[in-house]
Amino acid sequence: MQIRIFSGNAHPDLARRVAEALGQSLGKALVERFPDGEVRVRLLESVRGDDVYLIQPTSPPVNDHLMELLLLADAARRSSAARINAVVPYFGYARQDKQTEGREPISAKLVANLLEAVGVDRVIAIDLHAPQIQGFFDIPVDHLSAVKLFARYLKERGLDQGAVVVSPDAGRAEEARRLAERLSLPFAMLAKRRTGPRETQVTYVIGDVEGKRPLVIDDIISTGGTIRRGVEALLQAGARPEVVVLATHPVLVAGARENLAHPAIREVVFTDTIPLREGGYTVLSTAELLAQAIRHVHTNQSVSALI
């Protein structure tokens, strides 16, 4: 069974680099729009009996790229692919994993149902906003982490010296703890409360950050407001004004650049799960991580060793 790599319009450059890391060429597919906005997809190569990997983050515009992924999977199923694997580096609906008020959908569960309905056999994702989303699927989900990438970069740059790893909230505490263990560093966490649908307030810092360089690790940076308020709280607690911000998914909506330009932030490090069109940030490639995961899945090896 041969590996075949295809991509929609979300991040063809990442898909191409993953294919190259596997010694493959990116499969040819037609993904276009009708004048009314409908998506048309066609695989231009046979995939009969092949192990197909569709590399498509559901990055903005989220709904367009999600629809492309669903149609690519349906095309592969109707073309008699042996297995269909959705490689979704950024799972865009992961923040809607529960009902926060009455009469709301659980959108992440709906997306999981849609992927299964079109014939996806496995999902590979990086740093889901809510890890419990794995349980929304009745198919295998390989949940990768960018912690190794961040740890290696920080060590190579010497940024782990005299530092403390900081989680911006309780939800990221586990990832921050893992990074702290890899770097043999202390761990701290910011306690925050939500003051509105889009606003949070950092109330205090849990842990000793005085005189240390904070390494703030998050999964998604959207507006950057939480990061800015967290940096100010760290400074008030005596941290050094040499903050390094690390985040897997650079969603970066309006106002993010201004918030991340805080004078105490020395560097912002992202991965390339979402194509970044703004300069001034450090971007780490996930291509090799995804290629290793695909290789392990294809050859029935453990994926846990990569996490």
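So, a few notes on the structure that sits alongside this text. (Residues numbered from 1 in each chain as written. Predicted model: local features only at pLDDT ≥ 70, side-chain atom pairs only at ≥ 80, totals over all residues. Heavy atoms only, no water.)

Moving on, we get to the overall build of the protein chain. When helices and strands are counted, the protein chain shows eight helices and 14 strands. Relative to the 2.2 N^0.38 estimate, which gives 19 Å for 307 residues, the radius of gyration of the protein chain is 20 Å and therefore close to what a compact globule would have. Taken along its principal axes, the extent of the C-alpha atoms in the protein chain is 60 × 45 × 35 Å. Here the protein chain holds 307 residues, and the buried ones make up 55% of them. Across the protein chain, the fraction of contacts at a sequence separation of at least 24, relative to all contacts at a separation of at least 6, is 65%. Accessible surface for the protein chain amounts to roughly 13,800 Å². Of this, 47% is attributable to carbon and sulfur atoms. Positive and negative charge centroids in the protein chain, built from 37 and 37 side chains respectively, lie 1 Å apart. (Helix = DSSP H or I, 4+ residues; strand = E, 2+ residues; numbered from the N terminus. Rg over C-alpha atoms; globule rule 2.2 N^0.38 Å. Buried < 20%, exposed > 50% of the residue type's maximum accessible area, 1.4 Å probe, protein only. Contact = heavy atoms within 4.5 Å. Areas by Shrake-Rupley, 256 points an atom, 1.4 Å probe, with all protein chains shown as cover. Lys, Arg positive; Asp, Glu negative; His and termini not counted. Charge placed at Lys NZ, Arg CZ, Asp CG, Glu CD.)

A few words on the nonpolar core. The biggest cluster of nonpolar side chains holds 36 residues, and the ones touching the most others in it are L54, F91, L115, V120, V123, I133 and F137. Elements with a contribution of two residues or more to this core: β3 (39–43), β4 (51–55), α2 (62–78), β5 (83–88), α3 (107–117) and β6 (122–126). By size, the runner-up hydrophobic cluster in this structure holds 24 residues, among which are V209, L252, L260 and Y281. (Core = buried A, V, L, I, M, F, W, Y, C linked by side-chain atoms within 4.5 Å.)

This part is about the pairing of strand β8 (residues 163–167). In terms of burial, β8 is largely enclosed, as five of its five residues are buried. Side-chain alternation along β8 places A163, V165 and S167 on one buried face and V164 and V166 on a second face that is also buried. Summarising the sheet, β8 and strand β11 (residues 213–221) pair through four bridges and their orientation is parallel. Of the residues in β11, the one forming a bridge with V165 is L215. (Pairing = 2+ DSSP bridges.)

To continue, consider the packing of aromatic side chains. Overall, the coordinates contain two aromatic pairs when judged by the stated rule. Taking 6.2 Å as the distance between ring centres and 70° as the angle between the ring planes, the aromatic pair formed by F91 and F137 counts as edge-to-face. Taken together, the residues F91 in the loop between β5 and α3 and F137 in the loop between β6 and β7 (141–144) connect sequence positions 46 residues apart. Residue class for F91 comes out buried when judged on its relative accessible area of 6%. Take F137: its relative accessible area is 7%, and that puts it in the buried class. Pairing F270 with Y281 gives two aromatic rings, centres 5.3 Å apart and planes at 80°, and the pair type is edge-to-face. Pair noted here: F270 is in strand β13 (residues 265–271) and Y281 is in the loop between β13 and β14 (282–284), with a separation of 11 residues, a long-range link. You'll find F270 and Y281 in the same group, each marked buried. (Phe/Tyr/Trp six-rings, centres within 6.5 Å; stacked < 30°, edge-to-face > 60°.)

As far as function goes, none of this settles anything; it's purely spatial.
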